[in-house]
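# Examining the three-dimensional arrangement
In case you want the letters, here they are:
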Amino acid sequence: MEFETDPDLPTPEQPSELELFAYLMVGDLLGPLMALVGQVRAMAQRGFDLLQTAEMLLRRVIYLKALRIELPAPASATPAGPAAARPDETTRKATKPDTPRFALIEAELADATRPKDPRPLLRPEDCPRISVMDENARPYIPPPEPEPRSVTRPDFETRYRHRAHALARAFTNLDGEAQRLARWIARQKARRAERQSPLGLPPAPDDAEKAKSDPAWPVLSDIYLLADSVLHPDTS
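Our subject in this report is the structure included herewith. Owing to the predicted nature of the structure, the values given are computational and were not obtained by experimental measurement.

### A few points about the overall build of the chain
Counting its secondary structure elements, the chain contains seven helices and zero strands. The linear arrangement of helices and strands in the chain, starting from the amino end, is α-α-α-α-α-α-α. Of all 236 residues assigned to the chain, the portion counted as buried reaches 32%. Within the chain, contacts between residues separated by at least 24 positions form 82% of all contacts whose residues are at least 6 apart in sequence.

This is the structure:
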């Protein structure tokens, strides 16, 4: 992948400089993002796209740090010993229960190339209707189960506040978040899970081959593109 030269933005060929640049950029974005907390919905919506970009930037910085952490084999792969609380459980208890932690794992996008069932769906009027005239021959039909109680989703302003505060806490606890992500990576490897990366998208085709020998490379490419979108926003 070719990278345009920007005097203010290091390229992936300068990994340490680019990683630091992205971390400091998130710090610069935190002020304006936190200023929108508690504002009306329209104000929070204005900052939501930038909040998502800041989250993706910090998540990739944390991922780079996690890749450099060497952990012992997970508990499932070692002889059983005395039970001990996981460090991230202690961190969870120390936080407010209504304040989510920073999301380290991105949702994977659905596979758009998966073939769909070519058979057309039938209209209700085209479906056969079956009835049993003999009352004694009717099969037993259990009474319908009550619908589960609906969980009230927080409003947009509350979700924005939670995510902004989670971003700020992760920014000030970079080492702890990297340890948490490193444990997830170790567990995925121990389980031989199909998913090994916390990022939602696979490496770009141009980066796929290099990613096999250098897993940090596509992460640095992502950081570069995200940082460039902040420096040069699309105003079209």
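### Section: helix α2 (residues 41–67)
A rise of 1.5 Å per residue sets the reference length of α2, with its 27 residues, at 39 Å; its end C-alpha atoms lie 38 Å apart and thus fit the reference within 8%. Bending of α2 peaks at approximately 40° at the position of phenylalanine 48.

### So, the layout of surface pockets
Its volume calculated, the largest pocket comes out at about 1,100 Å³. Lining the largest pocket are 42 residues, and of these Glu106, Ser197, Leu199, Gly200 and Leu201 sit closest to its centre. Every element with two or more residues in the lining of the largest pocket is listed here: α2, α4 (156–172), α5 (174–190), α6 (205–213) and α7 (216–231).

### Some words on the packing of aromatic side chains
As enumerated under the stated definition, the model contains two aromatic pairs in all. With centroids separated by 4.3 Å and ring planes inclined at 15°, the aromatic side chains of tyrosine 23 and phenylalanine 171 adopt a geometry described as stacked. With tyrosine 23 in helix α1 (residues 15–35) and phenylalanine 171 in helix α4, this residue pair connects regions lying 148 residues apart in the sequence. Residue classification places tyrosine 23 among the partly exposed positions, given a relative accessible area of 22%. Residue phenylalanine 171 is classed as buried on the basis of its relative accessible area, which comes to 16%. Pairing phenylalanine 48 with phenylalanine 156 gives two aromatic rings, centres 5.4 Å apart and planes at 50°, and the pair type is tilted. You can see phenylalanine 48 sitting in helix α2 and its partner phenylalanine 156 sitting in helix α4, a full 108 residues away along the chain. In this pair, the class of phenylalanine 48 matches that of phenylalanine 156, namely buried. Above the ring of tryptophan 217, the side-chain terminus of lysine 210 is found at 3.7 Å from the ring centroid.

### Digging into the nonpolar core
Leu58, Ile62, Phe102, Tyr160, Leu167, Leu181 and Ile223 are the most contacted members of the largest nonpolar core, which has 44 residues in total. Per-element tally for this core: the top contributor is α2, with 11 residues. Contacts of isoleucine 62, omitting those with residues within four sequence positions, involve Phe102, Leu104, Leu174, Glu177, Ala178 and Leu181.

### Examining the pattern of salt bridges
Summed over all chains, the structure comprises nine salt bridges. Across the pair arginine 68 and glutamate 19 runs a salt bridge whose closest N-O atoms are separated by 2.9 Å. Highlighted residues: arginine 68 in the loop between α2 and α3 (87–94) and glutamate 19 in helix α1, separated in sequence by 49 residues.

### Concerning α5
The end-to-end C-alpha separation of α5 is 24 Å, in line with the 24 Å expected for 17 residues at 1.5 Å each. Those residues of α5 lying buried are Leu174, Glu177, Ala178, Arg180, Leu181, Ala182, Arg183, Trp184, Ile185, Ala186 and Gln188. Positive backbone phi, approximately 55°, marks arginine 192, located one or two places after α5.

### So, the packing of α2 against α5
Each packed pair of helices is defined by two parameters, the angle between the axes and the distance between the axes. Interhelical geometry of α2 versus α5 gives an angle of 70° and a closest axis separation of 8 Å. Classified by the angle their axes make, α2 and α5 are roughly perpendicular. In the crossing of α2 with α5, the sense of the turn from one axis to the other is right-handed. Seen from α2, the contacting residues are Leu58, Val61, Ile62, Tyr63, Lys65 and Ala66; seen from α5, they are Leu174, Asp175, Glu177, Ala178, Leu181, Ala182 and Ile185.

### Let's talk about the side chain of glutamate 177
Looking at where glutamate 177 falls in the secondary structure, it is placed in helix α5. By relative accessible area, glutamate 177 is classed as buried at 8%. Filtering out sequence-adjacent residues up to four positions away, glutamate 177 remains in contact with Ile62, Leu104 and Ala170.

Calculation rules
Residues numbered from 1 in each chain as written. Predicted model: local features only at pLDDT ≥ 70, side-chain atom pairs only at ≥ 80, totals over all residues. Heavy atoms only, no water. Helix = DSSP H or I, 4+ residues; strand = E, 2+ residues; numbered from the N terminus. Buried < 20%, exposed > 50% of the residue type's maximum accessible area, 1.4 Å probe, protein only. Contact = heavy atoms within 4.5 Å. Expected span 1.5 Å × (residues − 1). Bend = angle between axes of the 7 residues up to and from the residue. 1 Å grid on protein atoms, 1.4 Å probe; cavity = no way out; pocket = protein on both sides within 12 Å on 5 of 7 lines; lining within 4 Å. Points joined across faces, edges and corners; volume = space filled by probe spheres on them. Phe/Tyr/Trp six-rings, centres within 6.5 Å; stacked < 30°, edge-to-face > 60°. Lys NZ or Arg CZ within 6 Å of the ring centre and 35° of its normal. Core = buried A, V, L, I, M, F, W, Y, C linked by side-chain atoms within 4.5 Å. Salt bridge = Lys/Arg side-chain N within 4 Å of Asp/Glu carboxyl O. Axes fitted to C-alpha atoms, helices over the stretch in contact; angles between N-to-C directions. Parallel < 35°, antiparallel > 145°, perpendicular 65-115°, else oblique. Left-handed = near helix turned anticlockwise from the far one by under 90°.

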